[in-house]
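Here are the chains, one letter per residue:
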Amino acid sequence: AERTRDQVELPPPALDNRLTVHSLWPEINRISSEQIQAAFEEVGGGIGWQLFAEEGDMRMYRREMEVDGMVMDPLKAMHKVRGVSAREMCHYFFNPRYRYEWETTLETMTIVEEISSDALVFHQTFKRIWPASQRDALFWSHVRASDDNTYAVTNHSTSNTDYPPNTGACIRLFVTVCLACRSSWPAGAAPTRDNITTSIAYCSTVNPGGWAPAGVLRAVYKREYPKFLKRFTGYVVDQCRGKPLAI
Ligand code: 16C
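All of these numbers come straight from a predicted model, not from anything done at the bench.

### What to know about the site of the ligand
Right, so step 1: Lining the immediate environment of the ligand, one finds 22 residues, of which E103, Q124, K127, N155 and Y202 sit closest.
Right, so step 2: Within the side chain of E103, a nitrogen or oxygen atom sits 2.6 Å from an oxygen atom of the ligand.
Right, so step 3: At 2.8 Å, a side-chain N or O of N155 approaches an oxygen atom of the ligand.
Right, so step 4: Bound to the protein, the ligand loses 94% of the 860 Å² it would expose on its own.
Right, so step 5: Of all elements in the fold, only α5 (99–102), β7 (119–126), β11 (174–184), β12 (197–207) and α6 (214–240) reach the threshold of two or more residues within the shell around the ligand.
Right, so step 6: Considering every element that reaches the shell around the ligand, the biggest residue donor is α6, with 5 residues.
Right, so step 7: For the shell around the ligand, the class distribution of residues is 14 nonpolar, 3 polar and 5 charged.

### Focus on the side chain of T150
Right, so step 1: Along the chain, T150 turns up in strand β9 (residues 150–157).
Right, so step 2: In this structure T150 comes out as buried when scored by relative accessible area, which is 1%.
Right, so step 3: Polar contacts involving the side chain of T150 include one to the side chain of R182, which spans 3.0 Å.
Right, so step 4: Not counting chain neighbours up to four residues away, the residues in contact with T150 comprise F40, R144, A145, C181 and R182.

### Topic: the pattern of salt bridges
Right, so step 1: As enumerated under the stated definition, the model contains 17 salt bridges in all.
Right, so step 2: With a shortest N-O distance of 2.5 Å, R97 and E9 are connected by a salt bridge. Within this pair, whereas R97 is found in the loop between α4 (86–94) and α5, its partner E9 is found in the loop between α1 (2–8) and α2 (17–20), the two being separated by 88 residues in sequence.
Right, so step 3: Across the pair K230 and E55 runs a salt bridge whose closest N-O atoms are separated by 2.7 Å. With a gap of 175 residues between them, K230 in helix α6 and E55 in strand β1 (residues 50–55) connect regions that are remote in the sequence.
Right, so step 4: Residue class for K230 comes out partly exposed when judged on its relative accessible area of 38%.
Right, so step 5: The network of salt bridges with shared partners includes R62, E64, E66, D73 and R218.

### Points about the packing of aromatic side chains
Right, so step 1: Scanning the model with the defined rule gives 14 aromatic pairs in all.
Right, so step 2: Their ring planes at 80° and their centres at 5.8 Å tell us that F52 and Y221 sit as a pair that is edge-to-face. Taken together, the residues span a long stretch of sequence, with F52 in strand β1 and Y221 in helix α6 at a distance of 169 residues.
Right, so step 3: Considering the side-chain rings of F122 and F139, the 5.7 Å spacing of their centres and the 35° angle between planes classify their relative orientation as tilted. Of the two residues, F122 is situated in strand β7 and F139 in strand β8 (residues 135–145); the sequence distance between them amounts to 17 residues.
Right, so step 4: F122 sits in the buried class, given a relative accessible area of 0%.
Right, so step 5: Linked through ring pairs, F52, F93, W102, Y202, Y221, Y225, F228 and F232 together constitute an aromatic cluster.
Right, so step 6: Sitting over the face of the ring of F122, R99 holds its NZ or CZ atom 4.2 Å from the ring centroid.
Right, so step 7: One cation-aromatic arrangement involves R182 over F40; the distance from NZ or CZ to the ring centre is 4.1 Å.

### Focus: unusual backbone geometry
Right, so step 1: The step from W130 to P131 runs through a cis peptide bond, and the omega angle for that step is 5°.
Right, so step 2: Within the secondary structure layout, P131 lies in the loop between β7 and β8.
Right, so step 3: In this structure, D68 is a non-glycine residue whose phi angle is positive, near 50°.
Right, so step 4: Inspection of the secondary structure assignment puts D68 in the loop between β3 (66–67) and β4 (70–71).

### Overview of the pairing of strand β6 (residues 106–116)
Right, so step 1: Note that β6 and β7 share 8 bridges and pair antiparallel. Bridge pairing in β7 places T110 opposite H123.
Right, so step 2: Between β6 and β7, which pair antiparallel one after the other, the connecting turn spans 2 residues.

### Thoughts on α4
Right, so step 1: The element α4 is largely enclosed, with a buried count of 9 among its 9 residues.
Right, so step 2: Along α4, the positions that sit buried rather than exposed are A86, R87, E88, M89, C90, H91, Y92, F93 and F94.

Cut-offs and rules
- Residues numbered from 1 in each chain as written.
- Predicted model: local features only at pLDDT ≥ 70, side-chain atom pairs only at ≥ 80, totals over all residues.
- Heavy atoms only, no water.
- Near = heavy atom within 4 Å.
- Polar contact = N/O pair within 3.5 Å; in protein donor to acceptor, adjacent residues only side chain to side chain.
- Areas by Shrake-Rupley, 256 points an atom, 1.4 Å probe, with all protein chains shown as cover.
- Helix = DSSP H or I, 4+ residues; strand = E, 2+ residues; numbered from the N terminus.
- Nonpolar A, V, L, I, M, F, W, Y, C, P; charged D, E, K, R; others polar.
- Buried < 20%, exposed > 50% of the residue type's maximum accessible area, 1.4 Å probe, protein only.
- Contact = heavy atoms within 4.5 Å.
- Salt bridge = Lys/Arg side-chain N within 4 Å of Asp/Glu carboxyl O.
- Phe/Tyr/Trp six-rings, centres within 6.5 Å; stacked < 30°, edge-to-face > 60°.
- Lys NZ or Arg CZ within 6 Å of the ring centre and 35° of its normal.
- Pairing = 2+ DSSP bridges.

Dropping the structure here:
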């Protein structure tokens with residue numbers, strides 16, 4: 001029973017019809033496609049990407065960018081994880097049931113709308129970074145299969161009249177995040193936990209939505225992004241141990 005439940009909730013291999021008739025669909029489709037394509041582009045020859053963290057197979061790059069004195073540095077991270085599939089990675093990233101177990105910046109998470117099995121709208125509040133005000137975010141999240149053995153989750157800020165920005169203690173921030181994963185295994189062999197490798201590309205752009213000291217912000221993300229990616233991938237490997245591989 002345990003196995004059946006888990007399998008049923010894995011990201012669907014094709015789009016859910018309830019999503020494609022929703023008013024957000026054109027935006028969700030366009031932004032997800034753009035993000036997934038950009039995620040797999042190499043940073044090697046790209047202009048302005050600076051490596052700021054490296055550990056094992058993980059590499060993190062950022063581009064320094066300020067708009068009206070606010071730091072909006074785009075981030076791009078690459079990683080390789082053995083023993084789990086792209087679909088499993090995206091399952092744990094997308095499904096809110098697991099979020100508090102790996103997301104350490106979170107204070108609260110509310111599901112604002114269940115659009116379909118592959119799209120949700122979330123309101124989240126984050127831990128406060130001293131001396132800035134606390135932040136919250138409202139974003140849709142969509143998981144999809146793209147190419148062969150490729151799954152991706154895209155998160156992008158949206159609005160909702162029930163959750164107006166900047167009314168309480170929080171300043172609304174704006175986020176575009178994409179976790180794109182591609183699995184591979186030796187040609188001619190069947191995929192197993194022992195021979196599968198998943199390449200991960202994680203891209204994130206956060207607009208802080210209001211003033212926050214640049215130095216503090218850069219110091220925080222240099223510490224928090226590597227911490228997140230190591231913790232999240234380790235979490236998925238732990239969760240999948242002993243379970244049948246889901247491709
Ligand atoms: O992608 C991640 N998580 C997803 C599910 O939650 C989702 C979330 C996106 C929100 C990303 C913005 C996080 C802002 C956190 C601010 C508080 C940090 C507290 C630090 C502890 C004391 O897509 C994984 C997200 C990993 C986030 C790493 C931290 C990035 C900080 C960026 C700077 C934010 C500016 C805040 C202005 C005060």
